[in-house]
Amino acid sequence: MTPAALVPAMPHLLAGDPAPSWAELATATRTVGDRLRAAGVDTVLLLSTQWFTVLGHQVQCDARLRGRRTDENWYRYDYGHLDHDLAIDTDLAHRWADEIDAAGMQARRTLYEGFPVDTGTIVATKLLDPHGHGRRETERSGARPFEYALVSCNLYAEPSAMAAVAAAGVRAARDLGRTLGVVAVSGLSSGLTGRWITPAEDRVSDAHDRWNRKVLDAIRAGDRDEVLAMSPQYAAAAQADSQFRAFAFLDGAGVVDGPGEVLAYGPVWGTGAAVVWWGSDSD
Amino acid sequence: MARVFQVPAGSSRSGARRAAGTPAAPAPAPAPRPGEQKAGIVAGYLAPHPPHLVYAENPPQNEPRSTGGWEVLRWGYEELRRRLRAHRPDVLVVHAPHWITMVGHHVNCVPNPRGISVEPIFPHLFRYHYDFRTDVDLAEAIVEEGERAGLVTSALREDGVRVDYATIGALHLANPDWDLPVVSLSANNNPYYYSDASLAEMETLGVATRRAIERTGRRAVLLGSNSLSHLHWDTEPELPEDMSAERPFNHAQYAGDMELLQTIREGPTSRLKDAVPKHIEATASETKAGSLTWLLAAMGWPDVAGDVLAYGTVIATGNAVVEWVP
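Residues numbered from 1 in each chain as written. Chains lettered and ligands numbered in written order. Predicted model: local features only at pLDDT ≥ 70, side-chain atom pairs only at ≥ 80, totals over all residues. Heavy atoms only, no water.

Residue and element names in this part refer to chain A. As for its position among the elements, S21 is in helix α1 (residues 20-38). Take S21: its relative accessible area is 11%, and that puts it in the buried class. In terms of polar contacts, S21 uses its side chain to reach the backbone carbonyl oxygen of P267, at 2.7 Å. Other than its neighbours up to four places away in sequence, S21 contacts G266 and P267. (Helix = DSSP H or I, 4+ residues; strand = E, 2+ residues; numbered from the N terminus. Buried < 20%, exposed > 50% of the residue type's maximum accessible area, 1.4 Å probe, protein only. Polar contact = N/O pair within 3.5 Å; in protein donor to acceptor, adjacent residues only side chain to side chain. Contact = heavy atoms within 4.5 Å.)

So, on to helix α4 (residues 159-176) of chain A. For α4(A), spanning 18 residues, the distance from its first C-alpha to its last is 26 Å, which sits close to the expected 26 Å at 1.5 Å a residue. All of the buried residues along α4(A) are A161(A), M162(A), A163(A), V165(A), A166(A), A168(A), G169(A), A172(A) and A173(A). (Expected span 1.5 Å × (residues − 1).)

To continue, consider the confidence of the model for chain B. All names here are of chain B. Across chain B, pLDDT averages 89, with 86% of residues at or above 70. Note on residues 1-25: pLDDT under 50 across the span, and 51 contacts to partners over four residues away in sequence or across chains. Interface predicted TM-score (ipTM) for the complex: 0.90; the corresponding pTM is 0.89. (pLDDT = per-residue confidence, 0-100.)

Right, let's talk about the pairing of strand β1 (residues 4-7) of chain A for a bit. Residue and element names in this part refer to chain A. Residue alternation in β1 divides its side chains into two sets, A4 and L6 and A5 and V7, and both sets are buried. Of the strand pairs in this sheet, β1 and strand β8 (residues 180-185) are connected by four bridges, and their pairing is parallel. By the bridge assignment for β8, A4 is matched with V182. Pairing of β1 with strand β10 (residues 271-278), which is carried by three bridges, proceeds in the antiparallel orientation. Bridged to A5 within β10 is W277. (Pairing = 2+ DSSP bridges.)

Okay, structure coming up:
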């Protein structure tokens, strides 16, 4: 089974003085990274809902994404300043784009100097591979980070289209013989607190909390059909992040047929966030 | 068949040619004579920001090259620029929906924002090298007035935040010489959670903006940078400026835009307090981000008609260039 995870998108997980839930979510995301390494993953196929687009499906084709992102909302905090250095599996990226086109959708190959990597991607990758170890090692450095294949989240695409995009990525990875991990970077409920708060004040509203737990219970039970069936209602009632396209993406990759292990759940600035793992915990 | 639409521009000459019963749009405001300039908001514009318009203009600051396209909207901006000059503002204040701030209303207080803005959705169209001056005193005053009015606000004083394409696009199209100082306001909404701006808060922000402008003695032109109907294609042609692919998303979207524009042309602006939410409901209008409501609230919902300088679609969204002179 291809190992997979759902991880949060908010930068608070990198706070120097985190709320307890932020720290738990960060630790759980690091655990996902450990498990992906143990599973021998070469490349992480990653969707971030914070790279939201509206035209076609953008696939990142730049071999290396280095820079500093100053977040347009969170710049006044330490976690609003995000250095990053990501290695992209460009062979897989191009093959993935070809597969998207072949499936009758529009792939958009993205290779532009200065392209702004989204906060969700940076946060997730910094936690999944905090020391840049990854699995594969080179003789010279003794360490090499995960490589990534990144695709955007088209806010206008139907969930079925996001599933087809994921399936195309899995096909492309299989053709190239990659050992793959799949990660969706997304929050759960919204209900973002619309004021500046201290970490100790952070909480999810009761109504949104009930919805998040209902969805996570179905995930724990491995009831994929139930999660997909309740997603539209969940999106409406709890303003789920990007209408919970993240789960549709994971489903398209074929990685959520079994029970998911909820490693952490809690609030991030009023939104709901969870780390869920699919695969063996010995991976 | 041409798929780009234009509502007749409202010069006095074109107004006279219209059929009886068609509201006459106001003539461009006469330029103030020396010594007659007074402080305050001297004009407001609905100034849409699709990156396609900047791309089509081929300015030296933008890396991609085009063969043109979307001419009618760009001609509308030509007229906007002529009128804007006549108003002799000493600052442009812009509210745009793609500096997305989840918490509060932010004001850019960085004295000299500069860098390259590669647009993550349209990187093939918009990679713009920007370098402009902020009217820091006015920017700080808007933050203060917003806080005083009970809004959650933030002053951006840190270099490094990429200026978004909507802010740059509206400012470039209104003043490509960039020879006027600027104040840029964020949009307090959250598209990946599908939440809209609170129009009531935009009203408050508009009033706070006006107070700050009056307090600092500025002569300001405001740019509210929203598109209108906002359903659009999710793919694009091989040649982005292929105008054979450009048309409204459907008739209902077009009709919704025409109904709003008719209300704008008839005036007074107070009718838009009801018309804008109705238009949002009917067309998923980008005015849900609040820029138009902010603009008109800042102007005190003046008892005038708006002058529609152009209308056209961009990847099927409706876009209008409109002037209001209080």
